[in-house]
Amino acid sequence: KKANLPPLYMAEVNGEVFLFHKGDKKKADAPQKVEADDRVLTGENSKAYLQFESGGTIEIGPQSDVKVSKLNISQETFKARFLVAFGKMKTAIHKLTNSTSSFEVEAGGVVAGVRGTTFEVSYDKDKKQASTKTYDGTVATLVNGKETLVEKGMGFVVGKGGSPVLAALGAGDVADFVQFLDAKDKLDAAKDILLKKLEQRLLEEAAKKLLGDKGNDLIKHLPFHF
């Protein structure tokens, strides 16, 4: 028997990371399923990596609070939206070929939408400042109904005044992205192993629900145990 793999899952956890599911806060334990309305909270010097089963990686930076506000992914469609309450979120997402597909990140009232790119969205709650940085591709940002395109190599900041400022990415920004893409490549290389582990875990959880602890013992003796 195969478990249905989730469209989105927690692939790796560095440091202190919590996953809120239906109001229940638990320490994140990768690999694990991540669903719509779930929230990921990271501590100081901590990071979480999420992956889409169909391709694409998200890094949630230190001291960040990110909610999966929409997740509708099937063979026909790809619709995902994330809400950054505070902190940073980097994404490398595959090209969205379907016209009904969308990938959006909201932070501080600014919505960044993409069709396939590598970018970061962050929100500094103390400064009340939202920013978008584009490493590859183009990000369309919407502020008070007005759209601005943030091209490759550019950053975009919206402060209290509400008027956006565009500027080139600095060396530190580029170094951050290179580090992120390196982490993404490592996760991509280990993806099959991660998915097998996740599948095993989902099967064990299903068996436990059906049969209690005996279900786990039964699963462990099956030939496909990973």
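Refer to the structure presented above.
Notes on the structure follow.

Quick notes on the rules
Once a new chain begins, its residue numbering starts again from 1 and follows that chain's sequence as written. Totals for whole chains, interfaces and linings use every residue, but because this is a predicted model, local features are given only for residues with pLDDT of at least 70 and side-chain atom pairs only at 80 or more, for both listing and counting. Only hydrogens and water are set aside when side-chain values are computed; all heavy atoms of the structure are taken into account. Salt bridges are counted wherever a side-chain nitrogen of Lys or Arg sits within 4 Å of a carboxyl oxygen of Asp or Glu. A run of H or I in DSSP counts as a helix once it spans at least four residues, and a run of E counts as a strand once it spans at least two, with each numbered from the N terminus. For each residue, the accessible area found with a 1.4 Å probe, counting protein chains only, is set against the maximum for its type, and the residue is called buried under 20%, exposed over 50%, and partly exposed in between. A pocket here means an open set of points on a 1 Å grid, computed over the protein atoms alone, that has protein on both sides within 12 Å along at least five of seven lines. A cavity is instead a set of points where a 1.4 Å probe fits but cannot get out; residues with an atom within 4 Å of a point line either one. Grid points are joined across faces, edges and corners, and a volume is the space filled by probe spheres set on the points. Polar here means any residue outside two lists: the nonpolar Ala, Val, Leu, Ile, Met, Phe, Trp, Tyr, Cys and Pro, and the charged Asp, Glu, Lys and Arg; Gly therefore counts as polar. Two strands form a pair only when DSSP identifies at least two bridges running between them.

### What about the pattern of salt bridges?
Moving on, step 1. Applying the stated criterion across every chain yields a total of 13 salt bridges.
Moving on, step 2. Residue Asp65 is joined to Arg39 by a salt bridge in which the shortest nitrogen-to-oxygen separation is 2.8 Å. Note that Asp65 is positioned in strand E8 (residues 65-73) and Arg39 in strand E5 (residues 39-42), a separation of 26 residues in sequence.
Moving on, step 3. The class for Asp65 is buried, based on a relative accessible area of 8%.
Moving on, step 4. Look at Arg39 and you get partly exposed, because its relative accessible area is 27%.
Moving on, step 5. Notably, a salt bridge pairs Glu104 with Arg81, separated by 2.8 Å at the nearest N-O pair. Taken together, the positions of Glu104 in strand E10 (residues 102-107) and Arg81 in strand E9 (residues 78-92) put the pair 23 residues apart, joining distant regions of the chain.
Moving on, step 6. Among the residues examined, Glu104 registers a relative accessible area of 24% and is labelled partly exposed.
Moving on, step 7. What makes Arg81 partly exposed here is its relative accessible area of 22%.

### Some points on the layout of surface pockets
A water-sized probe rolled over the atoms picks out the places where empty space is left.
Moving on, step 1. Here the second largest pocket defines a volume of roughly 220 Å³.
Moving on, step 2. Those elements giving two or more residues to the lining of the second largest pocket turn out to be E9, strand E12 (118-124) and helix H1 (171-189).
Moving on, step 3. Its residues assigned to classes, the lining of the second largest pocket shows 4 nonpolar, 5 polar and 7 charged.

### Concerning the pairing of E8
Moving on, step 1. Here 3 bridges tie E5 to E8, and the two strands are oriented antiparallel to one another. Pairing of Val40 across the sheet is with Val66, part of E8.
Moving on, step 2. Where E8 and E9 come together, 8 bridges link them in antiparallel fashion. Bridge pairing links Lys67 to Leu83 in E9.
Moving on, step 3. Turn length for the E8-E9 hairpin, with the two strands adjacent in sequence and antiparallel, is 4 residues.

### Observations concerning unusual backbone geometry
Moving on, step 1. The linkage connecting Ala30 with the following residue, Pro31, adopts the cis geometry, with an omega of -5°.
Moving on, step 2. Counting through the fold element by element, Pro31 comes out in the loop between strand E3 (24-27) and strand E4 (32-33).
Moving on, step 3. One non-glycine residue, Asn45, adopts positive backbone phi at about 55°.
Moving on, step 4. Within the element layout of this structure, Asn45 appears in the loop between E5 and strand E6 (47-52).
Moving on, step 5. For Asn45, a relative accessible area of 69% gives the class exposed.
Moving on, step 6. One non-glycine residue with positive phi stands out, namely Lys128, at about 55°.
Moving on, step 7. As for its placement among the helices and strands, Lys128 is situated in the loop between E12 and strand E13 (129-136).

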